[in-house]
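Residue strings, one per chain:
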Amino acid sequence: MTENVLEQPHTLPKVKTDSPTSEPKWIRRSLITISVLFLSLFLLLPLVMIFMTAFQKGVDVYLASIMNSEALSAIRLTFLVVLIVVPLNTLFGVLSAWLISKYHFKGKNMLLTLIDLPFAVSPVIAGLIFVLLFGAQGLFGEWLLERDIFIIFALPGIILATLFVTVPFVARELIPLMQAQGQSEEEASHSLGANGFQTFMRITLPKIKWGLLYGVILCNARVIGEFGAVSVVSGHIRGLTNTMPLHIEVLYNEYQFTAAFAVASLMSLLALATIIAKNIIEWRTKEVSK
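Quick caveat: nothing in here was measured; it's all calculated off a predicted structure.

Caption draft 1: The nonpolar core, seen in detail. Membership of the largest hydrophobic core comes to 52 residues, with the highest contact counts inside it found for Leu-174, Ile-175 and Val-223. With residues near it in sequence (within four places) discarded, Ile-175 still touches Ala-97, Ile-100, Ser-101, Leu-112 and Ile-115.

Caption draft 2: Here's a closer look at the UniProt feature "domain: ABC transmembrane type-1" (unreviewed entry) in the protein. UniProt's entry tags residues 75–282 with the feature "domain: ABC transmembrane type-1" (unreviewed entry), counted in the numbering of this structure. For residues 75–282, the end-to-end C-alpha separation is 29 Å, with 80% helix and 0% strand making up the annotated structure.

Caption draft 3: Looking closely at the confidence of the model for the protein. The predicted model of the protein averages 86 in pLDDT, with 90% of residues at 70 or higher. When pLDDT is averaged over each element of the protein, helix 8 (residues 155–166) comes out on top at 95 and helix 1 (residues 2–7) at the bottom at 48.

Caption draft 4: Representation of the pattern of salt bridges. For the coordinates displayed, the defined rule picks out five salt bridges. Between Asp-116 and Arg-172 there is a salt bridge whose closest N-O contact spans 2.9 Å. One end of the pair, Asp-116, is in helix 5 (residues 108–120); the other, Arg-172, is in helix 9 (residues 168–181), with 56 residues separating them in the sequence. By relative accessible area, which is 25% here, Asp-116 ends up partly exposed. The class for Arg-172 is partly exposed, based on a relative accessible area of 30%. Among the salt bridges present, the one from Glu-254 reaches Arg-238, with a minimum N-O distance of 2.4 Å. Here Arg-238 lies in the loop between helix 12 (228–234) and helix 13 (244–253) and Glu-254 lies in the loop between helix 13 and helix 14 (257–289), a separation of 16 residues in the sequence. Glu-254 sits in the partly exposed class, given a relative accessible area of 35%.

Caption draft 5: Structural context of the side chain of Ser-73. With respect to the helices and strands, the residue Ser-73 is situated in helix 4 (residues 69–102). One polar contact links the side chain of Ser-73 to the main-chain carbonyl oxygen of Gly-239, over a distance of 2.7 Å. Setting aside residues no more than four positions away along its own chain, Ser-73 makes contact with Gly-239 and Leu-240.

Cut-offs used in this document
Residues numbered from 1 in each chain as written. Predicted model: local features only at pLDDT ≥ 70, side-chain atom pairs only at ≥ 80, totals over all residues. Heavy atoms only, no water. Core = buried A, V, L, I, M, F, W, Y, C linked by side-chain atoms within 4.5 Å. Buried < 20%, exposed > 50% of the residue type's maximum accessible area, 1.4 Å probe, protein only. Contact = heavy atoms within 4.5 Å. UniProt positions renumbered as here; feature names shortened; annotations may be inferred. Helix = DSSP H or I, 4+ residues; strand = E, 2+ residues; numbered from the N terminus. pLDDT = per-residue confidence, 0-100. Salt bridge = Lys/Arg side-chain N within 4 Å of Asp/Glu carboxyl O. Polar contact = N/O pair within 3.5 Å; in protein donor to acceptor, adjacent residues only side chain to side chain.

Shown next, in the form of structure tokens:
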């Protein structure tokens, strides 16, 4: 009797484990429905309304609103700021990421804190900072006026304010990426006689190119849509210092709704293009990492 008991295999009772896939179908369907309704109500519907309002009075009125001299000036100024700010932020982001990820030095944490500072400071306050520095009554205002140098209510002020707000985007995308990759390949390249530039172009850049493009796209999107800091330093001079967001605000406040939404539709198209490019890069990054 004892032998028969010992010979029988011992089986443990099955324990039911909960997993996300074990949830009832109605819960999953309810969550999907809620998500779709929420996104449709707060994202898709407003986007559709922008284009409906923009074309409400016909294509001719839409084109006239976009081809208006003030609208064209706002569009040109916005793209000019993009062409200046994005390359500068890209250069700073690459250099700061290289410095932080490859070298050990005192003040590294302070540098990281300074890079993150624009995330914590309101864009309006950022604009006020430059007014206090370079405005007519600011710290350097009198010295600048004596030399006919205009920063506030001019292009340089818009560029400085936008730079301040968008500094973290490229750097913060590259720093964790370069830290995770380590330094072994760069050290091997140096040991074989390559200089710093050759090492960066042949070793580092190919490994970070998709992360770099991702940061550039995010920076570009923020530059185009920046409102608060630019609003403070621009002076809202129509045809001169109004970017696209500021021009939309002026038109809306003057009850020119069709013209305002026509320019807004252009910004929406740029936003959609940014999202598509962002998703393509994310997909490409996942493919490379496999």
